[in-house]
Amino acid sequence: MSLADALQRFVREHRDDPALRVVRGTPQADEMVELAPASPATHQARVVEGDVLERKPVPPAEGSGFTHFLDGIQRSRLALIWHGVPVIWGYAAACIRTRGPDRLMRLSPEMLVWREALIFPFSLAPQEELTRSGLECVDSSPKAVIQGEEDNPAYIRQYSLEMLGDIRRGLERALLQKWVTSGGEGGWLLVDGELPDSGEEGGLRRVAGLIKSHQTRYFSGEEQRRVLDLPEGQRTSVFQPHRHGYRPVYSWYLRLRDPSGQDQTFGLVRVEAPADEEILRMAGEISGWLLAERTPLSLPDARWDRLIYPVRDCEQYLRSIARSAVEMDARLQV
Amino acid sequence: MISEREIAAHSGTGRPQLTQVGRVVATEPRPNTAYEFHFWTGPAAPVGIGTLVVVLAENVEVYGVVVEGWSYTDVASAMHDYIGLDGDPATEPVTRRPEIRCYTAAVLRREPEEPVQPVPGGPVYLADDLHVRRALRMDAYADRTGVAVGAYQNGELLAPVYLDADFLLGPEAAHVTLTGVSGLATKTSTIEFLLQSIFAARDDVACVCFNVKGHDMLFLDFPAEAEPGSPLEERYRELGIPPLTDADRALYRLLGVPCRAFEHVEYYAPFREDGINLNTLRTNPEVTGNVHPLAWGLQDIMEFTEVVLSRDDVDAKADALIQYINQKVIGAKNGYNIGDGRAPIYVRTFADLEEWFRRVFDHMESGDNGRGMEQYRSHHYQTLRKVHNRLTNLITRYRGLLTPREERFDLPWGSFRPRTVYVVDIASMDPQGQDLVVTRVVSKLREYLERKALGVDRCVVVVDELNKYAPSDGPETNLRKTLLDISERGRYLGLVLFSAQQFRSQVHKRVVGNCGTSIYGRMDMDELATPGYQVLTRAEREKLATLSKGQLMVRHPHFSQAIFVKFPRPNILRGSDGVRLFPPADPVPLEEAIFQEFSRMDSTVQRNQVREALADADHDAAVEAFNRVKVLKSAQPVSDFQRFIRKKARVEEPGQTPRSFGAPPPVDGQDPFAD
């Protein structure tokens, strides 16, 4: 029985339970809407390609060497008030899509994972009755880090959503692990976002991450200006960001599109790749691949200047198979 | 519902051999209904407009025909694509956008029939032979009353499509209307193949074709390709007459129709003005054996005076006189007593009628003690003069078709043979003459079928250019009334109208509305833009405008939707090839015409015999005698011809008195010149 089926049955069986209040008609949020941008931060970085951070023109590439693309989505809505505690219905999924010789995108075999759960702090509301009814529940208490605010309903929602984000990242990491283990079919994988920590020394090969948001800066002053004024089709020198507790990666900035008349970050992406010599040699080539990925456009997505089409394809695929708001609304009707 | 056993028997494997090509999809803006559903396919799926599909859902099977298709990608605006490729259409993006192919199918049938619910989601399969049969409800009649009209094709699948004879030839429904642009031979070919198919399935049907254009239907008895080893084989090859293809022969086999020309065809054509040669393109001596004259006398057309006389001419007075002549004068058993003190006059021919008028006028002009009579039996002198003028003028107006004499040539009323095509060639006649011929032939068919005396139970009447004979607007003509009558009552009588036209929209709506079966070849876009075609989807209309030769769209009472089929090129010599193979002969003089005709009757006839028989003979008398010999189908044509010549020349023979104009007919009423 799926979680939706179990939830529907639970709601019907507990319609007279004063501890339960069903919340209907709340908007269902996708990743874009619900995730508050991370707080601005500055991290240290060390230039590993040369001595200073420089701009480098990217040699034109005939095509793209990326053959596989990994992305995940999450959906959530406030579903229940259980013993006075907001309970979030959360759905997360991730997949790897393959671009075949015909240049069409398809799901890689067995490269789809998803998870659906009710998320709330177990410390504030009992989960036993829910789990007995077949409902998978996830405790969001560990994400509550602000002392004294743990039972603030607004904060409960926030940290429960952060827990859902962890779930999504876990799925993405699991898929990446699976892809690495399988040998990756001899292709290159592009991951949407930062490279997760694979947990395997030397395991991440032929993988790159594409970061579209720039809440974290690694350079300041003149170097920061070089990054933000990077012309279209150029990249920076490779640097190694400091990631506390994570395996080291190499990174560089790349301007995908002409930012004239636009925000400083228009078309600006940061690339991450495993920290090894091969990547250092291939930074220009990988940048060329990403420039080739500019077509087709990802419009009408608002992030079209930085979102490459195959990553959007992954999102579209995952959204098409995710449970719809209409269905959830219907199931929560008593 | 098709049982597993049925499918197993059909496929021989125990499992349905259906190819899944798609999946039903319903969205809020484009929901499925009980009569229409949508499905998507992969880009390589062999699905197109007209494809028959079947949805196998849990509790219901739904058969549909694809009536619309569309495809799209995930690009929201063409501008996005343009910008993405920097305005260079030659740029190939590294990733292809997915392209979805969606189709709308109109429901043909559902099992079980009730309850009528929206089509459920489920896999969509291409219909195979068995499912085509079920989809078109042919399982109910194909083995009993099926008449093959063509084959439904999808890739390598060719499934026969049958019409129901009860709805094609009556009595449940009847008539076929066939529409298509000119010049592709689709209409003629379709009618030829459909007739072949009917003759293959039924042995109680004959056909009357009106050849209204050139040589279209003048070689129905010759195959499209000569039999190997036949004398014509080399000539076919020399002229480059294209043979049938293997695919055509295969289609014939599939449809169970013998791949051969019509075995029994008789041609009828009026005379030219000379009264000797026939006014047709089938005059090559090699092929005139089954070509017969069509010549009618006074009594044949008197009941059609409203056809042959201008409506403006025939006022109430004239009409009264014509009726009087028709009822009291013509064919009066004991002759007509004019009252002039002379013997009664017997009026059977135009010549007799002329004599009757002459005596009446003499009587009136000398009557009333020489002062002259104003009226004759309540008919005014001027009316008599007017009617005399109009009736006797008919011989001139319809020269070649109407004969002033007694010899007449007509279709074999009462002895029609099944599986025989009677072609009436009126292509060279003026519109008035065509009207008269079609009206009279159809009227006679109706008359004989009502009496069940035609010789066959059913007769198909083929009329080309129906928009000319039964137009949706214009004056009410007798011919249009006749065609309307056939379309409305014909199915009860066994009189079936197969009509062809370029513009169905210009045919009278009652004729079109009464046609149970409608067939369409390639259509003109202007015609498709008329309101009558709005029931078709745009895709169907587009397809109709681009149909290739041999492809048709068929609507039939058993088919809930229009079906596209293909039919073989008929194994019948095209008219254009026919006139190259058998070039029309120039009109021949009387002597040559007589020799040719008599030689066919008696192979021992010598040319000098004919020349001697003609010596010193009056030309008109010789023509009349010649025609009498033809009517008699004499075994001794020359001697009979000589005898008739002598009689006409008033050469008295012992014990015989020739009949003059107005003289009483012989007692037996058959041949006044018989010995």
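Being a predicted model, the structure only gives us computed values, none of them experimental. (Residues numbered from 1 in each chain as written. Chains lettered and ligands numbered in written order. Predicted model: local features only at pLDDT ≥ 70, side-chain atom pairs only at ≥ 80, totals over all residues. Heavy atoms only, no water.)

## Some thoughts on the environment of K630(B)
Residue and element names in this part refer to chain B. With respect to the helices and strands, the residue K630 is situated in helix α23 (residues 619-632). Taking the C-alpha atoms as reference, K630 lies 25 Å from T392; in sequence the two are 238 residues apart. Ignoring any residue separated from it by four or fewer positions in sequence, one finds K630 in contact with F271, P293, F409, E597 and M601. (Helix = DSSP H or I, 4+ residues; strand = E, 2+ residues; numbered from the N terminus. Contact = heavy atoms within 4.5 Å.)

## Here we look at the sheet that holds strand β6 (residues 123-126) of chain B
Residue and element names in this part refer to chain B. Ordered in space as β1-β2-β5-β4-β3-β6, the six strands form a closed barrel in which the pairing is antiparallel. Each strand axis lies, on average, 40° off the axis of its neighbour in the sheet, ignoring direction. For strand β4 (residues 61-73) and strand β5 (residues 99-111), the ladder comprises twelve bridges, and the chain directions are antiparallel. Residue pairing in the sheet places T73 in a bridge with E99 of β5. (Pairing = 2+ DSSP bridges. Axes fitted to C-alpha atoms, helices over the stretch in contact; angles between N-to-C directions.)

## Quick look at the packing of aromatic side chains
Residues and elements named next belong to chain B. Scanning the entire structure with this criterion turns up 33 aromatic pairs over all chains. The interplanar angle of 35° and the centroid separation of 6.1 Å between the aromatic rings of F37 and F39 together place this pair among those described as tilted. Take F37 and F39: they sit in the same class, and that class is buried. One aromatic cluster is present, formed by Y324, Y336, W356, F357, F361, Y376 and Y381 through successive ring pairs. (Phe/Tyr/Trp six-rings, centres within 6.5 Å; stacked < 30°, edge-to-face > 60°. Buried < 20%, exposed > 50% of the residue type's maximum accessible area, 1.4 Å probe, protein only.)

## Section: the interface of chain A and chain B
Between chain A and chain B, the contact holds 17 residues from the first and 13 residues from the second. Around 1,500 Å² of area is buried between chain A and chain B when both sides are counted, 58% of it from carbon and sulfur atoms. When the area that chain A buries against chain B is broken down by residue, the three leading residues are R103(A), T295(A) and Y309(A), summing to 39%. Connecting chain A to chain B are two salt bridges. For D74(B), the salt bridge is made with R312(A), and the minimal N-O distance between the two is 3.7 Å. Counting across the interface, chain A meets chain B through seven residue pairs in polar contact (both at pLDDT 80 or more). At three residues, helix α7 (residues 309-321) of chain A tops the list of elements feeding residues into the side of chain A that touches chain B. Looking at side-chain class alone, the side of chain A that touches chain B contains nine nonpolar, three polar and five charged residues. (Buried area = accessible area lost by both parts, 1.4 Å probe. Salt bridge = Lys/Arg side-chain N within 4 Å of Asp/Glu carboxyl O. Polar contact = N/O pair within 3.5 Å; in protein donor to acceptor, adjacent residues only side chain to side chain. Nonpolar A, V, L, I, M, F, W, Y, C, P; charged D, E, K, R; others polar.)

## Considering the side chain of S518(B)
All names here are of chain B. Here S518 lies in strand β18 (residues 517-520). Within the local environment of S518, its side chain forms a polar contact with the side chain of R504, the two groups lying 3.0 Å apart. Setting aside its immediate chain neighbours within four residues, S518 contacts T177, R504, M553, V554 and R555.

## Brief notes about helix α13 (residues 381-397) of chain B
Residues and elements named next belong to chain B. Here α13 contains 17 residues, and its C-alpha end-to-end distance of 24 Å stays within 8% of the 24 Å for a straight helix at 1.5 Å per residue. T383, L384, V387, H388, L391, L394 and I395 are the residues of α13 that are buried. When α13 is viewed along its axis, its buried side chains cluster within an angular range of 135° and face the same direction. Where α13 is buried, its residues contact α9 (298-301), α10 (305-308), α11 (316-329), α12 (350-366), β13 (375-376) and β14 (379-380). (Expected span 1.5 Å × (residues − 1). Arc of directions from axis to C-beta.)

## A look at the domain arrangement of chain A
Residue and element names in this part refer to chain A. One can read the domain layout of chain A as domain 1 (1-34 + 73-183 + 322-334) and domain 2 (38-65 + 187-294). In this assembly, seven residues from domain 1 lie in contact with 15 residues from domain 2. Summing the contributions of domain 1 and of domain 2, the shared interface buries around 890 Å²; its carbon and sulfur component is 61%. For the interface between domain 1 and domain 2, the tally reads one salt bridge. Two residues, E293 and R99, come together in a salt bridge whose shortest N-O distance is 2.6 Å. (Domains from an automatic or database assignment.)

## Let's talk about the pattern of salt bridges
Enumeration over the complete set of coordinates arrives at 74 salt bridges over all chains. Note that E222(A) is salt-bridged to R225(A), the shortest N-O span being 2.6 Å. Placement of both E222(A) and R225(A) in helix α5 (residues 221-228) is noted, with a separation of three residues, approximately one turn of the helix. The shortest N-O distance in the salt bridge between R359(B) and D340(B) comes to 3.1 Å. Placement of the pair is R359(B) in helix α12 and D340(B) in the loop between α11 and α12, with a sequence separation of 19 residues. The exposure class of R359(B) is buried, given its relative accessible area of 6%. Beyond isolated ion pairs, a larger network of salt bridges with shared partners links D5(A), E116(A), R323(A), E327(A) and R331(A).

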